[in-house]
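The primary structure of each chain is shown beneath.
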Amino acid sequence: MREEKYYSILNYGCQMNESDAEHYAGQLEELGYARTEELVRADVILVNTCCIRESAELKILGKIGELKRVKARHPGQIICVAGCMAQKDGAALVKKYPQIDLLLGTSYVNSFKQILQDYLEERKKGVFTSLEVQSSEFEGQRVRESGFSAWIPIMYGCNNFCTYCIVPYVRGRERSRSIENILEEVRSAVAAGYKEITLLGQNVDSYGKDFLRNHEEEKLLSVSSAVGEGFTEALKAEPFAALLKAVDQVPGVERVHFMTSHPRDMSEEVIRTVAQGTHLCEHFHVALQSGSSRILKAMNRGYTRERFLALVKTIRKYIPQASITTDIIVGFPGETDEDFAETCSLVEEVGFDSAFTFIYSKRSGTPAARMQDQIPDDVKHARLQKLMDVQNRQSLCINKRLVGQTVEVMAEGPTEKHPETWSGRTRGNKLVLWQQNIDASDKAVANPVNLPDDSASANVSVKGTEEGSNLPIRPGQLVKIQIESAQTWLVKGKRVR
């Protein structure tokens, strides 16, 4: 009888890392490993790392240090460190933490299975950090975390070189997957029961432009047959818009999201395509970073305050009720009180549904880390709090407009602390809570959902029992919710027929 083998994955960071972790898991299961949450039981532990901020690095390094004791209790255990920190630090990380057996940079996700097999034969430590373009085409299976929502990477890397960002140095230059390869994965996901597709890339609006630059138009040709008569010259010039149109037409897809968009590269054709789509969700996550044109120039963002406002105006022209979310950094080197005031005024003018707000953190190897006029920590924290106050008022105001409306929600599952309260999201990515009769839920597939750790949403239990709460429910199902109250980060309601 063959001895059972186990693996465990510790994943940190962005949605792209989540997608990569699913691919690592798929390759491990192809090799006969089963998943376990007990680290000491695992024959292979893979740590998928992030280095976007120093706090993330310190947390991950602490965990890698702990694995020395875990490995001592499991002779022969293989520890793999992958992802952006592995790419950045390379062999130095293995030297400092000798418990690491394999170190894989970001270009080796698709090569992991073969690398692990080679290691099992020779038991020789390996460091793989070349950023030479490996195959970006997807092969093999993924072990997806969700039972209804699928991450689908459409491209890897970034060409933008924002002065504060380490991503281009650890993810490499932009390289796109062929449209046919992407559509094949979307069709496979739908056939497996997935209803929601999220197209991923560091800058999705640049999708396919590397094919145009490299005269590899054949990798885009398959979209013409997928789109049919809707394949116009405008779409041919905008590969991402063409891809959106093709994915929208895959039978069985119910929702399509995409992230992240760059204000410099998002085109009117993409916005028009979303407006005309059937399953393309009216949610645009467009990273602002600063409302000051002077700071945007120092960040090398490639657009001005005025260009960003014009982009928002175009979105509103085609989709007046679109949900627009963003990322903002405070305390970038040289940011004055006037620069920060411009950011706050732009937030108020645009009316973002929500914003991820960050304090600028030095990343070694980036131009911003060497800039003069670094902002003191106390000033950065004060600005962050003020910006959060401004955005929270905006978010609450926007959410209150939903009270009395009935919205379509894709159910995610019961909340962890209140199993009678279910959560889900609108097409605009709004978090919605409602009362659900536990006996009506499909317990075989319903997994508890962790809600945002926010004081405004701490009390999430939804009172009362309505007729709609007795209707059958399962994760991934589209339901109608009548909104009854609003908070900063979520809305609450009751299910209706």
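Everything discussed here concerns the structure shown above.
Residues numbered from 1 in each chain as written. Predicted model: local features only at pLDDT ≥ 70, side-chain atom pairs only at ≥ 80, totals over all residues. Heavy atoms only, no water.

Visitor: Would you mind going over the overall build of the chain with me for this structure?
Guide: Each helix and strand in the chain was counted, giving 16 helices and 19 strands. Counting the 497 residues in the chain, one finds 55% classified as buried. Within the chain, residue pairs in contact and separated by at least 24 positions form 74% of the contacts whose partners lie at least 6 positions apart. About 21,800 Å² of surface is accessible on the chain, with carbon and sulfur atoms providing 49% of the total. (Helix = DSSP H or I, 4+ residues; strand = E, 2+ residues; numbered from the N terminus. Buried < 20%, exposed > 50% of the residue type's maximum accessible area, 1.4 Å probe, protein only. Contact = heavy atoms within 4.5 Å. Areas by Shrake-Rupley, 256 points an atom, 1.4 Å probe, with all protein chains shown as cover.)

Visitor: I keep staring at the state of the cysteines and nothing clicks. Help me out?
Guide: In protein chemistry, a disulfide is the covalent bond that joins the sulfur atoms of two cysteines. Overall, the coordinates contain 0 disulfides when judged by the stated rule. With no disulfide of its own, Cys84 lies closest to Cys51 among cysteine sulfurs, the gap being 5.0 Å. (Disulfide = S-S within 2.5 Å.)

Visitor: It is not clear to me how the pattern of salt bridges should be interpreted in this structure. Could you clarify?
Guide: Pairs can form between side chains of opposite charge whenever their charged atoms are close. Inspection of every chain in the model, using the stated rule, returns 29 salt bridges. If you follow the salt bridges from partner to partner, you end up with Glu22, Arg142, Arg144, Arg177 and Glu185 in one network. (Salt bridge = Lys/Arg side-chain N within 4 Å of Asp/Glu carboxyl O.)

Visitor: How should I be thinking about the nonpolar core in this particular structure?
Guide: In globular proteins that are soluble, nonpolar side chains generally tend to be buried together. Judged by nonpolar contacts, the single largest core of 68 residues is most densely connected at Leu199, Tyr207, Phe240 and Phe284. Beyond its immediate chain neighbours, meaning those up to four positions away, Leu199 contacts Ile152, Ile154, Val204, Phe240, Leu243, Leu244, Val247, Val256, His257, Phe258 and Met259. Counting residues in each nonpolar core, the second largest holds 25 residues, with Ile60, Ile64, Val81 and Tyr97 among its members. (Core = buried A, V, L, I, M, F, W, Y, C linked by side-chain atoms within 4.5 Å.)

Visitor: I keep staring at unusual backbone geometry and nothing clicks. Help me out?
Guide: Peptide bonds are, in most cases, trans, and in most cases residues other than glycine have a negative phi. The amide bond that connects Met259 to the next residue, Thr260, takes the cis arrangement and shows omega of 0°. Inspection of the secondary structure puts Thr260 in the loop between strand 11 (255–259) and helix 12 (268–276). The phi torsion at Asp373 lies on the positive side, around 60°, for a residue other than glycine. The residue Asp373 is located in the loop between strand 14 (354–359) and helix 16 (377–400) in this model. Overall, Asp373 belongs to the exposed group, its relative accessible area being 58%.

Visitor: Would you explain the pairing of strand 11 in this entry?
Guide: Two faces make up the sheet, and in a regular strand the side chains alternate between them. Taking burial as the measure, the 5 residues of strand 11 include 5 buried ones, the bulk of the element. Of the two faces of strand 11, the one holding Arg255, His257 and Met259 and the one holding Val256 and Phe258 are both buried throughout. Sheet analysis places strand 10 (residues 196–200) next to strand 11, joined by 5 bridges and oriented parallel. The residue bridging Leu200 from the neighbouring strand is Met259, located in strand 11. (Pairing = 2+ DSSP bridges.)

Visitor: Can you walk me through the environment of Ala369 in this structure?
Guide: Note on placement: Ala369 falls in the loop between strand 14 and helix 16. Once the C-alpha coordinates of Ala369 and Pro333 are considered, the two residues, 36 residues apart in sequence, prove to be 8.4 Å apart. Those residues in contact with Ala369 that lie beyond four places of it in its chain are Tyr360, Lys362, Arg363 and Gln374.

Visitor: So what exactly am I meant to see when it comes to the layout of surface pockets here?
Guide: Any space left empty among the atoms is revealed by the rolling of a water-sized probe across them. There is about 560 Å³ of room inside the second largest pocket. As for the second largest pocket, its lining consists of 22 residues, and the residues nearest its centre are Gln321, Ala322, Asp353, Leu402 and Lys430. Contributions of two or more residues to the lining of the second largest pocket are made by helix 15 (337–350), helix 16 and strand 15 (406–414). Counted by class, the lining of the second largest pocket contains 6 nonpolar, 8 polar and 8 charged residues. (1 Å grid on protein atoms, 1.4 Å probe; cavity = no way out; pocket = protein on both sides within 12 Å on 5 of 7 lines; lining within 4 Å. Points joined across faces, edges and corners; volume = space filled by probe spheres on them. Nonpolar A, V, L, I, M, F, W, Y, C, P; charged D, E, K, R; others polar.)

Visitor: Would you explain helix 5 (residues 112–122) in this entry?
Guide: In an α-helix, one turn spans 3.6 residues, which is why side chains three or four residues apart end up on the same side. Residues of helix 5 that are buried: Phe112, Ile115, Leu116 and Tyr119. In an axial view of helix 5, the angular spread of the buried residues amounts to 95°, which keeps them on one side of the axis. Among the exposed residues of helix 5, those pointing more than 90 degrees away from its buried face are Glu121 and Glu122. Buried residues along helix 5 sit against helix 1 (15–30), strand 2 (33–35), strand 3 (44–49), strand 4 (78–83), strand 5 (102–104) and strand 6 (126–128). Taken from the residues just after helix 5, Arg123 is the one with a positive phi, measuring 50°. (Arc of directions from axis to C-beta.)

Visitor: Even after reading the chapter, I still don't get the pairing of strand 18 (residues 478–486), so can you show me in this structure?
Guide: Across 5 bridges, the pairing between strand 15 and strand 18 is antiparallel. Considered in strand 18, the bridge of Val407 is made with Ile481. Alignment of strand 18 against strand 19 (residues 491–496), held across 6 bridges, turns out to be antiparallel. In the sheet register, Lys480 faces strand 19, and the bridge partner there is Val496.

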